[in-house]
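Understanding the architecture of this molecule
What follows is each chain in one-letter form.
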Amino acid sequence: MQKRNHILILAFVAVFSCLTSQAALGHGELRSVTSKDGISDLLVNVIYKDSTGYVWFGTESGLDRFDGNIIKPYHLESESKTSSRRVNAITSGTSGNIFIGSNVGLFELQRGSRKPLRLYPNKITGRVSSLVSDCNGTLYVGTDAGLYIYNERKKEMDMQLVVPDMLSSSNKIKALNLQKGKGLWILTQREIHFLSFSKDPISSYSLGKDVECSHLASNGPVLYIGTQGNGIIPFNTDDRKFLETIDVGNNVVTSISVTDRNNILVSTDGEGIFLYSPADNVVREHISTLKETGRLSLRSNSVYSTLIDNNGQLWVGYYQSGVDYTPRNNASITLYSYPGLPDLGRMAVRSLAIAGNSRLIGTHEGLFFVDEESGNVRHIRKPEIKSNLIFCVTYWGGYFYVGTYHGGMYVFDPASGTVRKFGPPEMEGESIFDIEVDANGCLWVGTSSGVYCFGKGSDKPIVELTSNNSHLPPGNVYEIFPDSKGRIWFCTESGMAIWNGHVVSASDFPKGFPSKLKIRAIYEDSKGRLYFVPDRGAVYRSNIELSKINTLGEGMSQRFKMSTFVVEGLDGHLWIGTDKGLCHYDYDGDCEVINNLDGIPAPVFTLCKPYRQDNGDIWFGSANGLYKLDFDVFRKNERDQVQEVCISDIKTNGTSIIHLMKAGDNKMIVNLKNEQSDLEVNVANFNFCNPEFFEVEYFLDGIDTEWKIADGANPIHYFNLPEGTHRLHLRLPGVPGSEKLIVVKRSGSGLWLYILAVTLIIAVAVCGVVIYRFRINIAKKNNIAVDSNVDDDDLSSSGKRKASYLNTRLTDEECKRLMKRLEHVMKTDHPYIDPDLKISNLAKKVDSTAHALSFLFNQYLKTSYYDYINGYRVAKFKDIVKELDTSKYTLSALASMCGFSSRASFFRHFKNITGITPAEYLKSRQV
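Conventions adopted
- Numbering of residues starts from 1 in every chain and runs along the sequence as written.
- The predicted nature of this model means local features are confined to residues of pLDDT at least 70 and side-chain atom pairs, given and counted, to a pLDDT of 80 or more, with totals for whole chains, interfaces and linings taken over all residues.
- Remark: hydrogens and water are excluded; side-chain values derive from all non-hydrogen atoms of the structure.
- Helix axes use the C-alpha atoms of the stretch in contact, all axes being lines fitted to C-alpha atoms, and the angles between their N-to-C directions lie in the range 0 to 180 degrees.
- Under the DSSP-based scheme used, a helix requires at least four consecutive residues in state H or I and a strand at least two consecutive residues in state E, with every element numbered from the N terminus.
- Just so you know how the angles are binned, under 35 degrees is roughly parallel, over 145 roughly antiparallel, 65 to 115 roughly perpendicular, and the rest oblique.
- Handedness of each helix crossing follows the sense of rotation of the near helix against the far helix: counterclockwise by less than a right angle gives left-handed, clockwise gives right-handed.
- By the convention used here, residues are in contact when the closest approach between their heavy atoms is within 4.5 Å.
- Note that Gly is not counted as nonpolar here; it falls among the polar residues with everything else outside the nonpolar set of Ala, Val, Leu, Ile, Met, Phe, Trp, Tyr, Cys and Pro and the charged set of Asp, Glu, Lys and Arg.
- By definition, two strands form a pair when at least two bridges between them are found by DSSP.
- For every residue, the predictor reports its confidence as pLDDT, a number between 0 and 100.
- Ring geometry is summarised as follows: Phe, Tyr and Trp rings, the Trp one being its six-membered ring, pair when their centres sit within 6.5 Å, and such pairs are stacked at plane angles under 30 degrees, edge-to-face over 60 and tilted between the two.
- Relative accessibility under 20% of the residue-type maximum defines a buried residue, over 50% an exposed one, and the middle range a partly exposed one, all with a 1.4 Å probe and only protein chains included.
- Patches in this entry comprise residues that are over 30% relatively accessible and not in a salt bridge; like charges within 9 Å are linked, as are nonpolar side chains (Val, Leu, Ile, Met, Phe, Trp, Tyr) within 5 Å.
- Using a 1.4 Å probe, the Shrake-Rupley method yields the accessible areas, and only the shown protein chains count as cover for residues.
- Only one rule defines a salt bridge in this text: a Lys or Arg side-chain nitrogen within 4 Å of an Asp or Glu carboxyl oxygen.

Digging into the packing of helix H9 (residues 865–883) against helix H10 (residues 891–898)
Contact pair H9 / H10: the axes reach a minimum separation of 9 Å and the direction vectors enclose 120°. On the basis of the axis angle, H9 is oblique to H10. For the element pair H9 and H10, the recorded crossing hand is right-handed. In contact with Arg873, Lys876, Phe877 and Ile880 of H9, H10 contributes Leu891, Leu894, Met897 and Cys898. In terms of residue class, the contact of H9 with H10 is made up of six nonpolar, no polar and two charged.

What follows is the structure, given as structure tokens:
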């Protein structure tokens, strides 16, 4: 067999790989899992991802499970203390159990179990090299002593020799490959064999005495055989013939697999990873320790295992360096790059201006000008300008105006590529924080000494404002904002002021307005609402008249230490820059954070003002480059499916007890002994993002007063848990439908039980007396109703409401008449569409009282007011689905049409009433 000549192919790769690298194996910085993260051994021989989402590492020392946050090791027991416990193969069984093939035998880890159990130690006494499951209960086990076939249901293990001679090297199996419905391909040291399911004799095909085989993968009818010195040998299973050997660049193959695009992923011992395309006969990509701009770079070229999972993430296991994996990619948000432009992913982008096909990007390393029409790229820095730190860039009258840190202001001419200073001499050494153009075409500049205003085409200011000649608060002027009422806002280090066209005012703000805060950004949306972003704390929102002001987003100040900007999308939703990524804020106030969790490596979005294009695409500056949001792609990929919280482990007093838990639908029950007062809960991060960006909300009844936030780097922990029953609620932030419940029952001492029993007896006796007297009083009152002017919303507790409607007695005939009026109003006026509808408002519409309606709902209809109203809202949703093309609306918009106050409320009540989620209902309608 002749080896293919890949000199031309590899030359082609050098030109073509930059176009295919992101599509093939991802991009960005690889994340590492090493001994500091708890991996049991730095030699990682196999990587496997199960259907739940866990990633399993087979190492030199045993088995590790990775949930995205922490690694949980599993020890493989062996009678020999000196033999290697190296794991060679991992696969799943039919019930979620994990099978492990190791140098000491075959093991099974049952779901929830603490340790793997060895299977058939008297039969399988040595190395297990390969495992293949047919997903129907049959497991094929390749060993050094032949093939074993395990029936999971019957718990039976049968042996199958490849050749009759038990000592023959043909019974030393290297790899297995299942050909569904036909048979099993078996790779041994120098042959490939086929075990037919039709009971035909095993057929064998020799590769030659000089070939040592190691790995096997299939792509259609072709098997790809990895060798220990002869590259890759293809074998056509239809013709039963070997094809020409493939030389990818290194002939020592350590693993081989097929990607979702039918490419062959080959790892080698010494040259890293190769991606080979059989369709084009091309090595599309080579990943190694070589560092190239925009390309993946390995920590070692000795790669022992690879995996491309169902999310398209590449996992790399090394000889002695642990594991690396690529971040998850988000199709809607991409890092901007352009030929000739340095890797912006390694720079903080502080400012941006776009004019047609031209982009001027301000960084901490100067200015980068890109003209995508001509292909011109220019880097402007010292000494051409006085400072490399660019604070702001604005396009005005065909030129780019640039503000720097302690370097003054410049004008860049995109036509000639020249740069010149701008402004009076006193501006030369100043810091220029913001440059804005008002409705009259004037240029306003905020500096470290005050504010300047320039007319069209002039370097001489027509207005100069400082704290000495006006009421401008002292300090740096960070933000200038012209609003729709013609006012110019000035945000300084010590507070805000407004220019009304003649004078500066800093004292006419209403009570409660954040006029004294250090505001770093102001934004006005399409509805005339103003947003004020302080240096720290929550974002403020106000109407244009400044008469109504509130903070944006419940709990946002708890989740984010810093917000940097606000911008509105074409759909009216808001995008907020934070220190933990981008916050997507919808109509209902639901906040979805898009960051490292979704494949964006940028941890912090800077004060760079976003730029929204006419098609809705938005550009954002971050601490790790310039990103563009593709609006159409984002809308198509908007998450309507409710995600779940996955609990990976529960510990008490440092010991795992998850295997003792009783689990049901979204609920787990944990029983603790009296001496077990410490509770630790670990949550899986199946996005495999940086743990500090993975967040979960939690709330323990009776202990916590509000939802708390925990990240993946730290487990949820409670110390000195009181005796009794506790309910721990967990959910993804802002996603009520993702909630999981852990019921923790901590037993008490014998004395406590005795005291509790005595207390219960006394309580029952007291309740009996109270109920008896209450019934007498009710009878004496002879069914007299309470004052109808008392509004239900004014009652301070559920106890008062209950007492009120119990005192309101209606006969069956009265209930029927009231019910008839109520149904008429609901069907004709549709009051339930009002999200703020109260029972008192509804009572007025039916000419009754709130207490009479309470009696009707609770005593006659045996339901609650809220369940009754939300039942109509759910029915309205179903009617809308029948009548409208719902693909044009988000679920949040549909919920609003029906009267639900929030997306969370909609999901909760819809599932309570129908038993399924809104998304599931929509899918059922499409079938």
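Following the structure, the description resumes.
With respect to the sheet that holds strand E48 (residues 540–542)
Here we have four strands laid out as an open sheet, ordered E46-E47-E48-E49, and antiparallel in their pairing. Edge positions in the sheet fall to strand E46 (519–524) and strand E49 (549–551), since each has one partner strand and no second. Neighbour to neighbour, the strand axes of the sheet diverge by 20° on average, direction disregarded.

A short note on the packing of H10 against helix H11 (residues 903–914)
The geometry of H10 relative to H11 is characterised by a closest axis approach of 9 Å and an angle of 80° between their N-to-C directions. When the axes of H10 and H11 are compared, the pair comes out roughly perpendicular. Touching Leu891, Ser892 and Ala895 of H10 are Arg903, Phe906 and Phe907, all from H11. Within the contact of H10 with H11, the residues separate by chemical class into four nonpolar, one polar and one charged.

Focus: the sheet that holds strand E18 (residues 213–219)
Sheets are built from strands paired through backbone hydrogen bonds, the pairs being either parallel or antiparallel. Read across the sheet, four strands follow the order E18-E19-E20-E21 without closing on themselves; strand pairing throughout is antiparallel. This sheet does not close on itself; its edge strands, each paired only once, are E18 and strand E21 (241–242). In this structure, strand E20 (residues 232–236) lies alongside E21, joined through two bridges in antiparallel fashion. Bridged to asparagine 236 within E21 is lysine 241.

Things to note about the confidence of the model for the protein
Residues at a pLDDT of 70 or more form 88% of the protein, whose mean pLDDT is 86. Considering only residues more than four positions removed or in separate chains, one finds that residues 1–23, a stretch of pLDDT under 50, has 38 contacts. Per-residue pLDDT stays below 50 along residues 779–807; that stretch engages in 33 contacts with residues further than four places along the chain or on separate chains.

So, the packing of aromatic side chains
For the structure on display, the rule yields 58 aromatic pairs. Where phenylalanine 66 meets tryptophan 315, the ring centres are 6.2 Å apart and the plane angle is 80°; that geometry is what we call edge-to-face. You can see phenylalanine 66 sitting in strand E4 (residues 63–66) and its partner tryptophan 315 sitting in strand E27 (residues 314–318), a full 249 residues away along the chain. Take tryptophan 315: its relative accessible area is 0%, and that puts it in the buried class. Taking 5.3 Å as the distance between ring centres and 70° as the angle between the ring planes, the aromatic pair formed by tyrosine 336 and tryptophan 619 counts as edge-to-face. Here tryptophan 619 lies in strand E55 (residues 618–622) and tyrosine 336 lies in the loop between strand E29 (333–335) and strand E30 (349–355), a separation of 283 residues in the sequence.

Some details on a nonpolar patch on the surface
A contiguous nonpolar surface patch, about 360 Å² in accessible area, is contributed by Met159, Met166 and Leu167. Relative to the helices and strands, leucine 167 resides in the loop between strand E13 (156–160) and strand E14 (173–179).

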